[in-house]
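Here are the chains, one letter per residue:
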Amino acid sequence: METKVSFARRMAVIATVIIGALIFSYGLYLYSWRDAQIAQYNQGIAAYRSGDHQVAVQYFDTSLSTYKGRQDLNWAERFIYPKPDKELAALASFHKAKSLLRLNQAPPAVQAFKESLELNSGNLYLGRDLTEKEYQVFREAAMVVKYDLELLFKNDPQQAQKQGKGKGKGNGPPQDGKPVPGDDPGSMPGKGNRDTI
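Model, not experiment: these values are computed from the prediction.

Bringing the overall build of the chain into the picture now. Helix and strand content of the chain: 8 helices and 0 strands. Of the regular secondary structure in the chain, the N- to C-terminal order runs α-α-α-α-α-α-α-α. Taking the intrachain contacts of the chain between residues at least 6 apart in sequence as the baseline, contacts between residues at least 24 apart amount to 52%. Accessible surface for the chain amounts to roughly 14,100 Å². Of this, 57% is attributable to carbon and sulfur atoms.

See the structure below:
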């Protein structure tokens with residue numbers, strides 16, 4: 001005796017097959033998905049190594065823009081896609097600064113160095129689930145950025161003065177009434193210089 005398959009059962013089987021096909025195709029999409037932040041960073045590194053520093057700056061900027069844009073993902077996107085890589089963004093900003101220095105553009109390079117230090121100051125990783133080796137890698141990366149920024153200030157005292165880090169006389173009195181680094185503090189409030197009192 002033949003059993004009749006109900007219409008509801010047929011619809012359930014068809015719906016299950018359709019949902020399964022959609023999930024499978026979305027799984028294939030996620031399998032082939034590549035992180036744009038990483039791809040743009042890698043292209044920037046390739047351009048930097050080949051000596052095309054202008055193109056490298058563009059790729060590093062695009063990688064940083066992708067990082068910043070992915071900060072505003074909704075809950076479903078945060079569940080599906082990986083978190084944007086803060087450490088990679090710090091490296092992109094660092095290499096952008098190095099490229100700008102090769103192009104003799106010191107002021108934007110200083111800003112890129114500062115952005116790199118904002119993303120990875122070296123101590124942001126305390127309390128995270130990292131091994132000691134991973135923590136040291138991030139800390140060393142921040143120290144390299146700090147060293148290169150200090151070296152830039154040492155080699156270009158004008159940049160240091162513009163940032164308030166240099167020695168010597170600035171471009172006249174400061175606009176906001178604060179002392180300029182390198183001014184004789186004897187005429188200013190506080191301890192001052194003993195020899196000028």
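All right, on to the layout of surface pockets then. In this model, the largest pocket occupies a volume close to 280 Å³. As for the largest pocket, its lining consists of 14 residues, and the residues nearest its centre are Q71, K83, P84, D85 and K86. Of all the elements in the fold, those that place two or more residues in the lining of the largest pocket are α4 (75–80) and α5 (86–102). Of the residues belonging to the lining of the largest pocket, the class tally is 5 nonpolar, 1 polar and 8 charged.

So, about the nonpolar core. The biggest cluster of nonpolar side chains holds 15 residues, and the ones touching the most others in it are F113, L149 and L152. Breaking this core down by element, the ones donating at least two residues are α5, α6 (106–119) and α7 (132–155). Considering each element in turn, this core owes the most residues, 6 residues, to α6. Once residues lying within four places of it in the same chain are set aside, the contact partners of F113 are F94, A97, K98, L101, V145, D148, L149 and L152. Counting residues in each nonpolar core, the second largest holds 13 residues, with I45, Y48, Y67 and L88 among its members.

For the rest of this paragraph, the subject is the side chain of Q40. With respect to the element layout, Q40 can be found in helix α2 (residues 36–50). Those residues in contact with Q40 that sit more than four places away from it in its chain are Y59, T62, S63 and T66.

This part takes up empty space enclosed by the protein. Considering all chains together, one arrives at 1 cavity of 30 Å³ or more under this definition. Taken as a whole, the largest cavity holds about 40 Å³ of empty space. For the largest cavity, the full set of lining residues is A90, L91, F94, S116, N120, A141, A142 and V145. If you list the elements that add at least two residues to the lining of the largest cavity, you get α5 and α7.

A separate point is the packing of α2 against helix α3 (residues 53–69). Interaxial distance between α2 and α3 falls to 8 Å at its minimum, and their mutual angle equals 165 degrees. Comparing their axes, α3 and α2 come out roughly antiparallel. Where α2 crosses over α3, the two elements pack in a sense that is left-handed. The residues of α3 that touch α2, namely those facing A36, Q37, Q40, Y41, Q43, G44, I45, A47 and Y48, are H53, V55, A56, Y59, F60, T62, S63, T66 and Y67.

Opposite charge on two side chains allows them to pair when their charged atoms are near. This structure, assessed with the given rule, holds 4 salt bridges. We note a salt bridge from D35 to R70, for which the minimum N-O separation is 2.7 Å. Taken together, the residues span a long stretch of sequence, with D35 in the loop between α1 (7–32) and α2 and R70 in the loop between α3 and α4 at a distance of 35 residues. Among the residues examined, R70 registers a relative accessible area of 13% and is labelled buried.

Looking at the chain, the pLDDT average stands at 79 and 78% of residues meet or exceed 70. Contacts for the low-pLDDT stretch residues 178–194, under 50 throughout, to residues beyond four places or in other chains number 24 contacts.

A cluster of nonpolar side chains, contributed by F7, M11, I14, I18 and L22, occupies part of the molecular surface with about 530 Å² of accessible area. Its location among the elements puts L22 in helix α1.

Reading the values: the criteria
Residues numbered from 1 in each chain as written. Predicted model: local features only at pLDDT ≥ 70, side-chain atom pairs only at ≥ 80, totals over all residues. Heavy atoms only, no water. Helix = DSSP H or I, 4+ residues; strand = E, 2+ residues; numbered from the N terminus. Contact = heavy atoms within 4.5 Å. Areas by Shrake-Rupley, 256 points an atom, 1.4 Å probe, with all protein chains shown as cover. 1 Å grid on protein atoms, 1.4 Å probe; cavity = no way out; pocket = protein on both sides within 12 Å on 5 of 7 lines; lining within 4 Å. Points joined across faces, edges and corners; volume = space filled by probe spheres on them. Nonpolar A, V, L, I, M, F, W, Y, C, P; charged D, E, K, R; others polar. Core = buried A, V, L, I, M, F, W, Y, C linked by side-chain atoms within 4.5 Å. Buried < 20%, exposed > 50% of the residue type's maximum accessible area, 1.4 Å probe, protein only. Axes fitted to C-alpha atoms, helices over the stretch in contact; angles between N-to-C directions. Parallel < 35°, antiparallel > 145°, perpendicular 65-115°, else oblique. Left-handed = near helix turned anticlockwise from the far one by under 90°. Salt bridge = Lys/Arg side-chain N within 4 Å of Asp/Glu carboxyl O. pLDDT = per-residue confidence, 0-100. Patch = residues over 30% accessible without salt bridge, like charges linked within 9 Å, V, L, I, M, F, W, Y side chains within 5 Å.

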